Amino acid sequence: MGSRRLHSETTAEAYLELLKDRGIDVFLGNAGTDFASLVEAFARFEAEGGRGPRPLVVPHEFVAVSMAHGYYAAGGRPAAVMVHVNVGTGNAATAIITAARANIPVFMTAGRTPITEEGLPGSRDLHIHWAQESFDQASMLREYVKWDYELRTPPQLEAVVDRAFELMHAEPRGPVYLTLPREVLAADPGTMTITSPPRREWRSERWPDPARIDEAARILARAESPIVLVSAAGIDPRAVAGLIELAEAGGIGVVEADPIYMNFPHGHDLHLGYNQAGTTNPSLADADAVMVVEADVPWYPALGKPASGAPVIHLGVDPFFSRYPMRSYPCDVPIAATPAAALPLLAEAVRRHADAPAVSRRRERMAAEHRRRQAAWEETALEQASASTIGFAWASRCIADVVDEHTAVVNEYPLDRRFAALSRPGSYFASPHSSGLGFGLGAAVGVKLARPEATVIATVGDGAYFFGEPLSCLFVQRAHRLPILTVIFNNQQWEAVKFGALAVHPSGVAKSRGRFPLSELRPSPRFEEMAKTVDGHGERVETPGELPAALKRGLAAVREGRPAILNVLCQRNV
Ligand SMILES: Cc1ncc(C[n+]2csc(CCOP(=O)(O)OP(=O)(O)O)c2C)c(N)n1
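Here goes a summary of the coordinates provided.

Parameters and conventions
- Residues numbered from 1 in each chain as written.
- Predicted model: local features only at pLDDT ≥ 70, side-chain atom pairs only at ≥ 80, totals over all residues.
- Heavy atoms only, no water.
- Helix = DSSP H or I, 4+ residues; strand = E, 2+ residues; numbered from the N terminus.
- Rg over C-alpha atoms; globule rule 2.2 N^0.38 Å.
- Contact = heavy atoms within 4.5 Å.
- Areas by Shrake-Rupley, 256 points an atom, 1.4 Å probe, with all protein chains shown as cover.
- Phe/Tyr/Trp six-rings, centres within 6.5 Å; stacked < 30°, edge-to-face > 60°.
- Buried < 20%, exposed > 50% of the residue type's maximum accessible area, 1.4 Å probe, protein only.
- Lys NZ or Arg CZ within 6 Å of the ring centre and 35° of its normal.
- Patch = residues over 30% accessible without salt bridge, like charges linked within 9 Å, V, L, I, M, F, W, Y side chains within 5 Å.
- Salt bridge = Lys/Arg side-chain N within 4 Å of Asp/Glu carboxyl O.
- Axes fitted to C-alpha atoms, helices over the stretch in contact; angles between N-to-C directions.
- Parallel < 35°, antiparallel > 145°, perpendicular 65-115°, else oblique.
- Left-handed = near helix turned anticlockwise from the far one by under 90°.
- Nonpolar A, V, L, I, M, F, W, Y, C, P; charged D, E, K, R; others polar.
- Near = heavy atom within 4 Å.
- Polar contact = N/O pair within 3.5 Å; in protein donor to acceptor, adjacent residues only side chain to side chain.
- Right-handed = clockwise from strand over helix to strand, strands pointing away.
- Pairing = 2+ DSSP bridges.
- Expected span 1.5 Å × (residues − 1).

With that out of the way, let us pick up the overall build of the protein chain. Per the secondary structure count, the protein chain includes 19 helices and 21 strands. For 574 residues, the compact-globule formula gives about 25 Å, and the C-alpha radius of gyration of the protein chain, at 25 Å, lands near that figure. In the protein chain, once contacts between residues fewer than 6 apart in sequence are set aside, the share between residues at least 24 apart is 76%. For the protein chain, the accessible surface area stands at approximately 23500 Å², while carbon and sulfur atoms represent 54% of it.

This brings us to the packing of aromatic side chains. In this description, an aromatic ring pair is defined by two values, namely the gap between the centres and the angle between the planes. Following the criterion strictly, the structure yields 12 aromatic pairs and no others. Ring centres of Phe27 and Phe42 lie 5.2 Å apart, and the angle between their planes is 65°; on these two criteria the pair is classed as edge-to-face. Taken as a pair, Phe27 in strand β2 (residues 26-29) and Phe42 in helix α2 (residues 36-48) lie far apart in primary sequence, 15 residues in all. Grouping residues by exposure puts Phe27 and Phe42 together as buried. Their ring planes at 85° and their centres at 5.2 Å tell us that Phe392 and Phe489 sit as a pair that is edge-to-face. On the criterion of sequence distance, the pair formed by Phe392 in helix α13 (residues 392-401) and Phe489 in strand β19 (residues 485-490) is long-range, its members being 97 residues apart. Exposure remark for Phe489: the relative accessible area of 1% places this residue in the buried category. Cluster of aromatic residues (ring-pair linked, three or more members): Phe27, Phe42 and Phe45. The ring centre of Trp202 lies 4.4 Å from the NZ or CZ of Arg203, which sits over that ring. Note that Arg417 overlies the ring of Tyr428, its terminal NZ or CZ placed 4.4 Å from the centroid.

This brings us to unusual backbone geometry. Note that the residue after Glu171, namely Pro172, is joined by a cis bond; omega there is -15°. The residue after Ser196, namely Pro197, is reached through a cis peptide bond having omega 0°. Position of Pro197 relative to the elements: it lies in the loop between β8 (192-195) and α8 (210-222). Here Tyr413, not a glycine, exhibits a phi torsion of approximately 90°, which is positive. Along the chain, the position of Tyr413 falls in the loop between β16 (407-412) and β17 (428-430).

Judged by side-chain polarity, Phe466, Phe467, Trp494 and Val497 come together as a nonpolar surface patch covering roughly 360 Å² of accessible area. By secondary structure assignment, the location of Val497 is in helix α17 (residues 495-504).

Okay, the packing of helix α3 (residues 61-75) against helix α14 (residues 439-450) next. Closest axis-to-axis distance for the α3/α14 pair is 6 Å, and the angle between their directions is 50°. Between α3 and α14, the crossing angle belongs to the class labelled oblique. Read as a crossing pair, α3 and α14 show a hand that is right-handed. Packed against α3, whose contacting residues are Phe62, Val63, Ser66, Met67, His69, Gly70, Tyr71, Ala74 and Gly75, the element α14 presents Phe439, Gly442, Ala443, Val445, Gly446, Val447, Leu449 and Ala450 at the interface. Here the contact of α3 with α14 is built from residues that sort into 11 nonpolar, 6 polar and no charged.

On to the site of the ligand, then. Contacts to the ligand come from 14 residues, most closely from Ser435, Gly463, Ala464, Glu495 and Ala496. One of the side-chain N or O atoms of Asp462 is found 2.9 Å from an oxygen atom in the ligand. Here an oxygen atom of the ligand sits 2.7 Å away from a polar atom, N or O, in the main chain of Ala496. In isolation the ligand offers 590 Å² of accessible surface; the protein chains occlude 76% of this area. Ranked by residue count, the leading element in the shell around the ligand is helix α15 (residues 462-467), at 4 residues.

This next bit is on the pattern of salt bridges. Summed over all chains, the structure comprises 45 salt bridges. Taking the shortest distance from any N to any O, the salt bridge between Arg365 and Glu224 comes out at 3.7 Å. Taken together, the residues span a long stretch of sequence, with Arg365 in helix α12 (residues 356-385) and Glu224 in the loop between α8 and β9 (226-230) at a distance of 141 residues. Note on Arg365: relative accessible area 41%, which makes it partly exposed. The partner of Arg553 in a salt bridge is Glu539, with the nearest N and O atoms 2.8 Å apart. Here Glu539 lies in strand β20 (residues 537-541) and Arg553 lies in helix α19 (residues 547-559), a separation of 14 residues in the sequence. Residue Arg553 is classed as partly exposed on the basis of its relative accessible area of 42%.

A separate point is the pairing of strand β5 (residues 107-112). Most of β5 sits out of view: 6 of its 6 residues are buried. As a crossover connection, the stretch from strand β4 (residues 80-83) through helix α4 (residues 85-101) into β5 is right-handed. Relative to strand β7 (residues 176-181), β5 runs parallel, the two sharing 6 bridges. Residue pairing across strands places Arg112 opposite Pro181, the latter belonging to β7.

This brings us to the packing of α8 against helix α11 (residues 339-353). Look at α8 against α11: their axes get within 8 Å of each other, and the N-to-C directions meet at 55°. As far as their axial angle goes, α11 and α8 are oblique. The handedness of the crossing between α8 and α11 is right-handed. Note on element contacts: α11 touches α8 through Ala342, Leu345, Leu346, Ala349, Val350, Arg352 and His353, opposite Ile213, Asp214, Ala216, Ala217, Arg218, Leu220 and Ala221. Grouping the constituent residues of the contact of α8 with α11 by class yields 10 nonpolar, 1 polar and 3 charged.

With that settled, the discussion passes to helix α9 (residues 237-250). Helical geometry: 3.6 residues make up each α-helical turn, so side chains three or four residues apart lie on a common side. For α9, built from 14 residues, the straight-helix expectation of 20 Å at 1.5 Å per residue is met to within 8% by its first-to-last C-alpha distance of 20 Å. In this fold, the buried residues of α9 make contact with α8, β9, β10 (253-257), β12 (289-293), α11 and α12. Phi turns positive one or two residues past the end of α9, at Gly251, with a value near 60°.

In this structure, Asp535 sits in the loop between α18 (509-513) and β20. On the basis of relative accessibility, which here comes to 52%, the residue Asp535 falls in the exposed class. Along the chain, Asp535 and Arg203 lie 332 residues apart, while their C-alpha atoms are 44 Å from each other. Leave out the neighbours within four places in its chain, and Asp535 touches Arg478 and Arg562.

Rendered as structure tokens:
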């Protein structure tokens, strides 16, 4: 067992060295006076050679946490985020809700106003140090973090950090929250010896119950029209491979239900399309066996359900979504397991139970349906190519056309996957279902941070763009050399709000008058001009024919290292 001696003048210094030792490479900070000893420690590392993570200043807390989210989703490694006491925590809260609902580990930390009113290095010396104290600072986040704690004294540093790490990684994963009082960070920790590498291993796949695998395999093998509904398994490329193996073993159609990742290749002949906000895939009603894989909302019961006789299997690390207060999907066969571990076993069991000619028949039938649906989508996209206004289908299609094997798309809603044929694991990241608007911009910059060689495209609505703290994101792109292309689908409204009114009041006054107060975003700003503030590239695009070349120009600017913004004037249906 190894150990390391830390030679640190302050606990802050030891803390940063410890984070680096535990695999934290980036420290996303939005600082205040609580950071005093961390600023000093980073300055010392700069002078003496890096012993800590790379510090990146991020001018808004929501962006910092969204970046950590994208960074983990794309790279599989958590980032440290630190914000200023209670006020910074408040600004970060929406992004923490998002990370929690997506099971994304974030090492979330905040200063804590000095405890003492005088007498210690770091004691209070400003008006804010009284007014920023909370009775219970962590209570703001407690419902959405897996663990919270305050670093009370330097000797517990290693134990506290290791506890945070094991719990954020334990399944189901999620953010943790640690507060760091100023006196503790400023204190001399004395000589500190840490265990390195740590003896707090957390990697442990959840293997499925073999009896449940067999039961599920029999159901899937015997069905005539079995389908899988999947949302989030694709964060792990092994799960994508496992899903392909399962689908092919049983002739099982796959529907991506409001997908958060690329879960199953769009072009695979068993891909049957999508469920997306407000629409249920037609295959659901025809299915005589349904398997839900890492999907919190596999269908919308108010709009359509599987046939009552169709057995339902749920597979996921937490197939009951235990942190959701209410969720009532029928479940006949629960399989609590890591999808990447369970899917190959299930595929193998299905092969054992299935009748090969029946599988071929099913597959042929599904493949015909796949081709029919794809042809219809193709037709819609091409029809929009000659419209006078840009439609969402055409815009989605044009974006997919510029995607190569190094591109990642981060989509906060508008990109419609039916028209964007993505097939590579890790090529797509969408807004998690808790839908705290603004996620997309910061997450996209985080993806770029995890994969500096990748071309990153963020697709956002004009509404989402406002929420994403765009100036902070542009600052980060230039300051930290993380340029991305942002494509704004600008329909000059919050159309989701309008759809909500129509769904609840289908023949109401709003509909008959064609007026939807509180949903219009007019006059629309010249979003493209924001690029000028960071020497980036900005364009306004108004007609379908202009879009392909504009995308190419945007990407060329990004390749030169400049942030790019396309303000695309468009409507969902044209
Ligand atoms: C923080 C936050 N505030 C408000 C909402 C409610 N909301 C959901 S979608 C939406 C509109 C988004 O507008 P835009 O990105 O332009 O997409 P559109 O609805 O026009 O397609 C709003 C306001 C939310 N999800 N999150």
